[in-house]
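Inside the fold
What follows is the residue order along each chain.
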Amino acid sequence: SSGINAEWPLRPGLCENEICEFLNNMQEEFKAFEVGTVQPVWEFIEDMQHWLTSPDSSKADDIKPIYETMTSQQNHILNVLNEQGQSLDSDLCVFNSVLKAWEFEAESVTESLLRLRFPHEETICEYIEEYLSVDKKYNDALIELRDYYGVVLDKGKHGGWSREDHILFKHITQQYPVDKFQRSTLCLEMMKLVISHKTEQELREHGEWVQLNDMYCEHKRSIRNMHQDALKKLVATAEVDCKQQWVMVREMQQKADEILSQKEKTARIFEDLLRCRAEKLKKIKAEEKELAEYQERMSKERTEFERRRAKQRKVEKEKIQAFKDMKSEKKEKSTDCDSALIPLL
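Residues numbered from 1 in each chain as written. Predicted model: local features only at pLDDT ≥ 70, side-chain atom pairs only at ≥ 80, totals over all residues. Heavy atoms only, no water.

A look at helix α6 (residues 163-174)
The first and last C-alpha atoms of α6 sit 16 Å apart over twelve residues, in line with the 16 Å expected at 1.5 Å per residue. Among all positions of α6, only R163, D165, H166, I167, F169, K170, I172 and T173 are buried. (Helix = DSSP H or I, 4+ residues; strand = E, 2+ residues; numbered from the N terminus. Expected span 1.5 Å × (residues − 1). Buried < 20%, exposed > 50% of the residue type's maximum accessible area, 1.4 Å probe, protein only.)

This is the structure:
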């Protein structure tokens with residue numbers, strides 16, 4: 001026994017049941033390896049120790065070929081283990097990519113979307129509906145794929161063969177490169193020798209089933225990758241959209257703040273204008289009141305001045321009249337005197 005099933009395909013889409021089956025098969029193969037290889041080696045070691053404690057020259061010829069067989073078997077096992085170790089390193093690289101895909105799926109897409117805090121709740125609802133639509137398309141594609149390859153899947157994991165025969169069939173096909181000349185003929189001839197209990201028709205039919213099953217696995221992997229890419233694109237689009245929406249909200253908020261600031265500034269300017277206008281009106285009213293008081297005062301002074309002037313003119317007029325009267329009286333007296341003197345002459 002080689003110890004490890006080299007046929008095991010690590011591929012995207014590996015489910016938990018397949019992993020459990022792989023582990024169980026590996027344990028069974030290790031047990032078979034222990035019974036077929038390890039135990040005989042320990043028994044040979046015990047026999048050697050017993051022979052060394054009590055050497056028997058008659059058994060030396062029997063022990064030497066056994067030792068050479070054991071040594072050859074160990075070298076073969078080491079070579080097989082080395083080849084399988086290299087194969088496992090390659091498989092681990094593939095499995096690492098599978099784990100990364102699982103890590104993406106382990107975190108629910110809905111949780112990734114709900115963790116995004118959109119400024120508008122209806123946006124997250126739209127992305128949830130889009131996720132459900134993508135998931136439904138994926139499930140519908142898987143159902144359609146299973147229906148298309150129904151005949152292949154109905155034959156089970158090993159195409160109706162036993163697990164051992166199927167693994168042996170796969171091992172033989174892997175020994176010949178795909179581009180090797182007459183690969184099919186060489187594989188078929190080797191299978192006739194190794195899997196001699198199967199007819200040529202059964203071998204050909206199983207080969208066709210393997211090809212169809214590989215096509216099914218490849219299509220399933222392609223659908224799964226498309227589904228993962230769609231989900232990643234959906235989450236990435238949602239993250240970008242969320243950032244853009246918050247940028248727009250901040251810009252709108254900034255514009256609203258600027259408008260509010262401008263309104264407040266305008267209101268302050270208007271209040272300043274109203275205050276200046278009120279102060280000017282107050283000043284104008286004060287000036288008008290002062291002017292009115294001045295005009296009233298001037299009017300009173302003019303009236304008083306006119307009254308005094310009229311009184312003064314009256315006094316002067318009376319003086320002039322008195323002077324005229326006195327002068328007229330003097331003139332009359334002088335005339336009377338002259339009149340009186342004339343006769344005397």
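Structural notes on a nonpolar patch on the surface
On the surface, M190, L193 and V194 cluster together to form a nonpolar patch covering roughly 280 Å² of accessible area. Within the fold, L193 resides in helix α7 (residues 183-194). By relative accessible area, L193 is classed as exposed at 67%. (Patch = residues over 30% accessible without salt bridge, like charges linked within 9 Å, V, L, I, M, F, W, Y side chains within 5 Å. Areas by Shrake-Rupley, 256 points an atom, 1.4 Å probe, with all protein chains shown as cover. Salt bridge = Lys/Arg side-chain N within 4 Å of Asp/Glu carboxyl O.)

So, α7
The terminal C-alpha atoms of α7, which comprises twelve residues, lie 16 Å apart, in line with the 16 Å expected from a rise of 1.5 Å per residue. Among the residues of α7, C187, L188 and M191 are the ones counted as buried. Buried residues of α7, viewed axially, fall in a sector of 100°; they line one side. (Arc of directions from axis to C-beta.)

Quick notes on the nonpolar core
Inside soluble globular proteins, nonpolar side chains tend to come together where they are buried. Formed by 19 residues in total, the largest nonpolar core has its most connected members in F169 and M191. Secondary-structure elements contributing two or more residues to this core are α4 (121-148), α6, α7 and α8 (200-344). Looking at which element gives the most residues to this core, the answer is α8, with six residues. M191 has contacts with F169, I172, T173, S196 and L203, leaving out every residue within four places of it along the chain. (Core = buried A, V, L, I, M, F, W, Y, C linked by side-chain atoms within 4.5 Å. Contact = heavy atoms within 4.5 Å.)

Brief notes about the pattern of salt bridges
Taken as a whole and judged by the stated rule, the model has nine salt bridges. A salt bridge links D140 to K136; the nearest nitrogen and oxygen atoms lie 3.0 Å apart. One end of the pair, D140, and the other, K136, are both in helix α4, four residues apart, so they sit about a helical turn from each other. You can call K136 exposed: its relative accessible area is 52%.

Examining the packing of α6 against α7
Axis separation between α6 and α7 bottoms out at 9 Å; the angle between their running directions is 140°. When the axis of α6 is compared with that of α7, the two are oblique. For the element pair α6 and α7, the recorded crossing hand is right-handed. Side by side, α6 and α7 meet where L168, F169, I172 and T173 of the first sit next to R183, C187, M190, M191 and V194 of the second. A class-by-class count of the residues in the contact of α6 with α7 yields seven nonpolar, one polar and one charged. (Axes fitted to C-alpha atoms, helices over the stretch in contact; angles between N-to-C directions. Parallel < 35°, antiparallel > 145°, perpendicular 65-115°, else oblique. Left-handed = near helix turned anticlockwise from the far one by under 90°. Nonpolar A, V, L, I, M, F, W, Y, C, P; charged D, E, K, R; others polar.)

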